[in-house]
Amino acid sequence: MKRVRQPSGPGRSRRPGDRGTPRSAAADVTPLSPGETKRPRSKLTGRAAILALVLAVLAISYASSMRAYLQQRAHISDLEAQIATKQTSIDKLARETQRWKDPAYVKDQARTRFGYVDPGERAWVVVGADGTRLEDQAKLSDPDDVVHQTPTAWWEKAWGSVELAGHPPADQDPPATHIGGPAKKISESQ
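In this convention, every chain numbers its residues from 1, walking through the sequence in written order. Where totals are concerned, whole chains, interfaces and linings use all residues; where local detail is concerned, this predicted model gives features only for residues with pLDDT of at least 70, and gives and counts side-chain atom pairs only at 80 or more. To obtain the side-chain values, all non-hydrogen atoms of the structure were included, while hydrogens and water were left out.

Before going further, it helps to spend a moment on the overall build of the chain. Secondary structure is summarised from DSSP: a helix means a run of H or I of at least four residues, a strand means a run of E of at least two, and numbering begins at the N terminus for each. The helix and strand inventory of the chain stands at 4 helices and 0 strands. Its helices and strands in sequence order give the chain the pattern α-α-α-α, from N to C terminus. Each of the 190 residues in the chain was classed as buried or not, and the buried ones make up 3%. Across the chain, the fraction of contacts at a sequence separation of at least 24, relative to all contacts at a separation of at least 6, is 21%. Areas reported here follow the Shrake-Rupley algorithm with a probe of radius 1.4 Å; residue values treat only the protein chains shown as occluding. Approximately 19000 Å² of the chain is accessible, and the part contributed by carbon and sulfur atoms is 58%. Think of it in three bands: with a 1.4 Å probe and only protein chains considered, a residue is buried below 20% of the maximum accessible area for its type, exposed above 50%, and partly exposed in between. Note on contacts: a residue pair qualifies if any of its non-hydrogen atoms lie within 4.5 Å across the two residues.

Per-residue confidence for the chain gives a mean pLDDT of 78, with 67% of residues at or over 70. On a scale of 0 to 100, pLDDT captures the predictor's confidence in every residue. Within the chain, helix α1 (residues 25–28) has the poorest average pLDDT of any element, 52, and helix α2 (residues 46–100) the best, 93. Confidence drops under pLDDT 50 across residues 184–190; counting only partners more than four residues distant or on other chains, this segment forms 3 contacts.

When the charged atoms of two side chains lie near each other, side chains of opposite charge can form a pair. The salt bridge criterion pairs a side-chain nitrogen of Lys or Arg with a carboxyl oxygen of Asp or Glu, the two atoms within 4 Å. This structure, assessed with the given rule, holds 3 salt bridges. One salt bridge connects D118 with K107, and the closest N-O pair in it is separated by 2.8 Å. Taken together, the residues span a long stretch of sequence, with D118 in the loop between α3 (103–114) and α4 (154–166) and K107 in helix α3 at a distance of 11 residues. Residue E121 pairs with R111 through a salt bridge whose shortest N-O separation is 3.0 Å. Here the residue E121 occupies a position in the loop between α3 and α4, and R111 occupies one in helix α3, the gap between them amounting to 10 residues. Residue class for E121 comes out partly exposed when judged on its relative accessible area of 37%. For R111, a relative accessible area of 30% corresponds to the partly exposed category.

Put into structure tokens, the structure is as follows:
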């Protein structure tokens, strides 16, 4: 059986080859010669270098993941914009379909595009001085495009006239009693 030696003293262990005297910290320091200076110990140890390497690898992998994430977000934004554009087009076509279900719109389109008239009606074509056909200025508008204005309340109109009566505008020219030329009464020209 092998004997295990116990440490000789509190917190100290003896190594094989020790002579029984405890080693002191001063025994580890080698004396410097008079022209020699103490060289500072490098702060970068092996563990610190491995830690720096691991952190660099993690930063690179995180950066590539972040780049992929940002590219995907940009792609998603582009797709959402395309979806919004397509949805607007779909809504416009749905409104157009609803308009074609209205018999008055169909009748107007037949008159405008093909020149159809109801039985018993006469079609008139207005021709300009150069012989070309003049187009109608009146067109049906989309009911969804009409701007609805809320009417002004009657008491606001009444209060406006009260304020106007209290502060009349500056003198203005009287309304015209004749049209062009020298002043004539309207009854005389008839």
